[in-house]
Amino acid sequence: MTIPVSRTILLFDIEKYSDRDDVEQAYLRRTLYDVTDRVLEAAGVEDSQRLRADRGDSVMELIDANASVIALLRSLLGEVPVLLRSVNRMASSSAQIRLRAVLATGYVAVDEHDGWVGSDLNHACRLLDAEVLRTALRRSADDFVLCVSEAVHAGIVRHGHPGIPPESFHAVTLTTKNGPLPAWLYGPVDRTAPVPGGSGDRPAPADTGEDAAAQGTPGATQGTAQGAAPVPAPAPDPGRGPVFNFSGGNVRFGGGLAGGDQHGVSGGTVTGDVIMGGPGERGDGA
């Protein structure tokens with residue numbers, strides 16, 4: 001086995017590739033290769049600085065560590081969406097191409113059989129195949145989604161280089177057989193419908209009446225739990241005067257009319273003359 005060396009890892013995968021026939025798959029592969037070549041060219045990556053592995057519906061690029069990751073990331077964000085829009089606007093529905101992409105860094109060894117070996121490469125492949133990325137592309141109005149590794153985010157994204165907006169990247173965590181795998185997803189995140197495998201950016205569930213009552217929340221439903229005794233209404237305070245609860249008919253207060261049903265008017269004290277029904281029927285309110 002050769003010695004692992006530092007590489008930049010770029011992965012692309014075509015959505016719903018296996019749903020197409022052979023002619024359509026051949027066209028999509030040519031398009032994928034063209035997009036990859038143009039993105040790397042725009043980033044200033046020389047042919048001598050890259051190795052490619054073909055995986056049918058996906059392509060893997062190992063890029064020399066001396067090539068600028070900043071330029072490559074800027075090219076991914078700026079070039080790929082434009083290229084895909086240009087291709088898809090002229091293509092039939094069966095030839096539309098949508099891509100998932102992963103950008104990572106790490107140590108990879110290339111053996112004598114041109115096999116690629118390295119845990120960092122394995123992690124990048126898991127990101128590419130993760131449901132969080134597949135779901136993000138299904139929900140996206142664009143034809144491209146990008147996920148970067150924790151190392152790329154820490155070393156590049158968070159520093160806010162021109163053309164790389166850090167606020168547009170959102171943390172996600174994948175659950176793998178080797179434990180949690182953090183990464184960063186580019187683009188908006190749907191907070192109302194959490195992405196599977198996400199980082200816990202889920203809206204808090206609304207409190208039910210029972211939950212609120214258990215927590216002593218004002219206005220919560222009380223005594224609704226099975227077997228719980230209903231809570232009686234507080235007794236009137238003799239020093240405050242009578243408390244009136246009216247139901248049905250019209251009620252006059254000091255000559256004014258309160259129409260319709262009146263339930264616990266203010267829950268408080270009524271003082272002065274109270275006219276109930278027609279004129280002449282008075283109570284002193286004491």
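Residues numbered from 1 in each chain as written. Predicted model: local features only at pLDDT ≥ 70, side-chain atom pairs only at ≥ 80, totals over all residues. Heavy atoms only, no water.

Moving on: the overall build of the protein chain. A tally of helices and strands in the protein chain yields 6 helices and 12 strands. Put simply, the protein chain has 286 residues, and 36% of those count as buried. For the protein chain, the proportion of contacts with a sequence separation of at least 24, taken over those separated by at least 6, is 62%. Summed over its atoms, the accessible surface of the protein chain is roughly 16,200 Å², and 51% of this surface lies on carbon and sulfur atoms. (Helix = DSSP H or I, 4+ residues; strand = E, 2+ residues; numbered from the N terminus. Buried < 20%, exposed > 50% of the residue type's maximum accessible area, 1.4 Å probe, protein only. Contact = heavy atoms within 4.5 Å. Areas by Shrake-Rupley, 256 points an atom, 1.4 Å probe, with all protein chains shown as cover.)

The subject of this paragraph is the side chain of R100. Structurally, the position occupied by R100 is in strand β4 (residues 99-110). A polar contact is formed between the side chain of R100 and the backbone oxygen of L128, at a distance of 3.0 Å. For R100, the residues in contact, after removing those within four places along its chain, are L11, F12, D13, L128, D129, L133, R134, L137 and V145. (Polar contact = N/O pair within 3.5 Å; in protein donor to acceptor, adjacent residues only side chain to side chain.)

Our focus in this paragraph is the nonpolar core. F12, L73, L99, L103, L146 and V148 are the most contacted members of the largest nonpolar core, which totals 36 residues. Residue assignment for this core shows that the elements contributing at least two residues are β1 (5-14), α1 (22-42), β3 (58-64), α2 (69-88), β4 and β6 (144-149). Looking at this core element by element, the count peaks at 9 residues for α2. With residues up to four places along the chain from it excluded, the contact list for V148 reads L73, L103, H153, V157, F169, A183 and W184. Counting 26 residues, the second-largest nonpolar core is a separate cluster that includes L128, V132, V172 and L181. (Core = buried A, V, L, I, M, F, W, Y, C linked by side-chain atoms within 4.5 Å.)

As a further point, take the packing of aromatic side chains. Given two aromatic rings, one states the distance between the centres and the angle between the planes to describe the pair. Inspection of the entire model under this criterion finds 1 aromatic pair. Between F169 and Y186, the aromatic rings sit 5.0 Å apart at their centres with planes inclined by 55 degrees, giving tilted as the arrangement. Highlighted residues: F169 in strand β7 (residues 169-176) and Y186 in strand β8 (residues 179-186), separated in sequence by 17 residues. Sitting above the plane of the Y33 ring, R52 keeps its charged end 4.3 Å from the centroid. (Phe/Tyr/Trp six-rings, centres within 6.5 Å; stacked < 30°, edge-to-face > 60°. Lys NZ or Arg CZ within 6 Å of the ring centre and 35° of its normal.)

This part covers the environment of H123. Among the secondary structure elements, H123 is positioned in helix α3 (residues 119-129). Taking the relative accessible area as the measure of exposure, H123 reaches 30% and is therefore partly exposed. Taking the C-alpha atoms as reference points, H123 and P182, separated by 59 residues in sequence, lie 9.9 Å from one another.

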